[in-house]
Amino acid sequence: MSEKNGRRRLAIIASKGTLDWAYPPFILATAAGAMNWEVAIFFTFYGLPLLKKKLDASVSPLGNPAMPMKMPFGPLEKIDLPIPNLIMSNVPGFQQMATALMKKTFKKKGVASIEELRDMAVEMDVRLIGCQMTMDVFGFKKEDFIDEAEIGGAATFLEFAADANVTLFI
Amino acid sequence: MADIPIAETLDCSGLLCPMPVVKTNKAIKNLKVGEVLEMIATDPGSIPDMEAWAKQTGHELLEAKEEGGKYRFLIKKTH
């Protein structure tokens, strides 16, 4: 419990920026926000692009051997397409197709988009902290990010996380 | 059981986690203390999630049950 205001606290490090990995931090942050928890997400390394004004997260089957490949509709909907991981990840355009399929499936099933979840997090006053060091390394500017993003470093996150009830590295 | 007067109904049909709790939390802010919000969902996970949400926020979950493939919740605003 935060000593400052008696609210529970959730501190998350978001270190991955693919579409599949973008979901957990935003789902947990908005669920915690809905329970009146105080939340901060520290976006670092490949998680940092999730703060960009225009989100472009995609998902790759490469190195994702457990990712089910399913059509979002039609006769193949219930079938796991038996395409070997190594083959599908080497076909040009497969990543774009996998991304489009995942977005379509999520929408059809009623999962909010990353954009919607991020907007809700902003509305709930979730602190969205961009990692300064990652910005310097990969060449991002503050203007690349949504206005609500703040910039900080490891100490900024740790200062918040010191009083957290739940701390997650994603 | 006498009918509980419902101040507002929120339909979360078709929405998955975390939307039912997020929308419920938003909707309950517009109610007065003591008023009851009815929330309808189709996500089976909304039963344990609404119970957890009520415990965390302190609002009172008067009812949580399945009715013909839908889940109906009655939540009383307590603060």
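Position numbers for residues count from 1 along each chain, tracking the sequence in the order it is written. The order in which chains are written sets their letters, starting at A; the order in which ligands are written sets their numbers, starting at 1. Side-chain atom pairs in this predicted model are given and counted only at pLDDT of 80 or more, local residue features only at pLDDT of at least 70, and totals for whole chains, interfaces and linings cover all residues.

K.L.:
Would you mind showing me how to read the overall build of chain A here?
P.N.:
What counts as a helix is a DSSP run of H or I of at least four residues, what counts as a strand is a run of E of at least two, and both are numbered from the N terminus. The helix and strand tally for chain A stands at six helices and five strands. Tracing chain A from N to C terminus, the helices and strands come up as β-α-β-α-α-α-β-α-β-α-β. Exposure in this text rests on C-beta crowding, where 20 or more other C-beta atoms within 10 Å of a residue's own make it buried, 12 or fewer make it exposed, and counts in between make it partly exposed. The C-beta atoms are placed from the backbone. Per-residue burial for chain A yields a buried fraction of 30% across its 170 residues. Once C-beta atoms have been placed from the backbone, residue pairs whose C-beta atoms lie within 7 Å are recorded as contacts. Long-range pairs, those at least 24 residues apart, make up 75% of the contacts in chain A with a sequence separation of at least 6.

K.L.:
Would you mind showing me how to read the sheet that holds strand β2 (residues 38–43) of chain A here?
P.N.:
The strands making up a sheet associate through backbone hydrogen bonding, with each pair oriented either parallel or antiparallel. Residues and elements named next belong to chain A. On the basis of which strands lie adjacent, the open sheet formed by five strands has the order β4-β3-β2-β1-β5 and parallel pairing. Edge strands, defined here as strands with exactly one partner in the open sheet, are β4 (150–152) and β5 (166–169). Taking the axes of each pair of neighbouring strands and ignoring which way they run, one obtains an average angle of 20 degrees across the sheet. Here, strands pair whenever DSSP counts at least two bridges between them. Note that strand β1 (residues 9–14) and β5 share four bridges and pair parallel. By the bridge assignment for β5, Leu10 is matched with Val166. As a rule, the C-alpha atoms of each element are fitted with a line to give its axis, helices using only the stretch in contact, and angles between N-to-C directions run from 0 to 180 degrees. Packing of helix α1 (residues 19–34) onto the sheet brings it into contact with β1, β2 and β5, and relative to β1 it is tilted by some 165 degrees.

K.L.:
Looking at this model, I keep getting lost on the packing of α1 of chain A against helix α1 (residues 19–28) of chain B. Mind explaining?
P.N.:
The angle between the axes and the distance between the axes are what describe a pair of packed helices. Direction vectors running N to C along α1 of chain A and α1 of chain B enclose 30 degrees, while the axes themselves pass 8 Å from each other. Of the two elements, α1 of chain A crosses α1 of chain B, and the hand of that crossing is left-handed. Contacts between α1 of chain A and α1 of chain B involve Thr30, Ala31 and Ala34 of chain A on the former and, on the latter, Val21, Val22 and Asn25 of chain B. Handedness of a crossing follows from how the near helix is turned relative to the far one, being left-handed for an anticlockwise turn of less than a right angle and right-handed for a clockwise one.

K.L.:
Please clarify how the confidence of the model for chain B should be interpreted in this entry.
P.N.:
The predicted coordinates of low-pLDDT regions are not to be read in fine detail. pLDDT: the predictor's confidence for each residue, scored from 0 to 100. Within chain B, residue pLDDT values average 94, and 97% of them lie at 70 or more. Model confidence for the complex: the whole-complex pTM is 0.89, and ipTM, which rates the interface, is 0.86.

K.L.:
Just to check I follow, could you spell out the interface of chain A and chain B for this structure?
P.N.:
Many descriptions give the size of an interface as the accessible area lost when the pieces come together. Between chain A and chain B, the residue contacts involve eleven residues of the former and twelve residues of the latter. All residues other than Ala, Val, Leu, Ile, Met, Phe, Trp, Tyr, Cys, Pro, Asp, Glu, Lys and Arg, Gly among them, are scored as polar; the first ten of these are nonpolar and the last four charged. Grouping the amino acids of the side of chain A that touches chain B by side-chain chemistry returns seven nonpolar, three polar and one charged.

K.L.:
I keep staring at unusual backbone geometry and nothing clicks. Help me out?
P.N.:
As a rule of thumb, non-glycine residues mostly have phi less than zero, and peptide bonds are mostly trans rather than cis. Going from Cys17 of chain B to Pro18 of chain B, the amide bond is cis rather than trans, its omega being 5 degrees. Its location among the elements puts Pro18 of chain B in the loop between β1 (8–12) and α1. Despite not being glycine, Asn36 of chain A shows a phi value in the positive range, around 65 degrees. Of note, Asn36 of chain A is situated in the loop between α1 and β2. Although it is not a glycine, Phe45 of chain A adopts a positive phi angle of roughly 45 degrees. Relative to the assigned elements, Phe45 of chain A resides in the loop between β2 and α2 (85–88). According to the C-beta neighbour criterion, Phe45 of chain A is partly exposed, with 16 such atoms within 10 Å.

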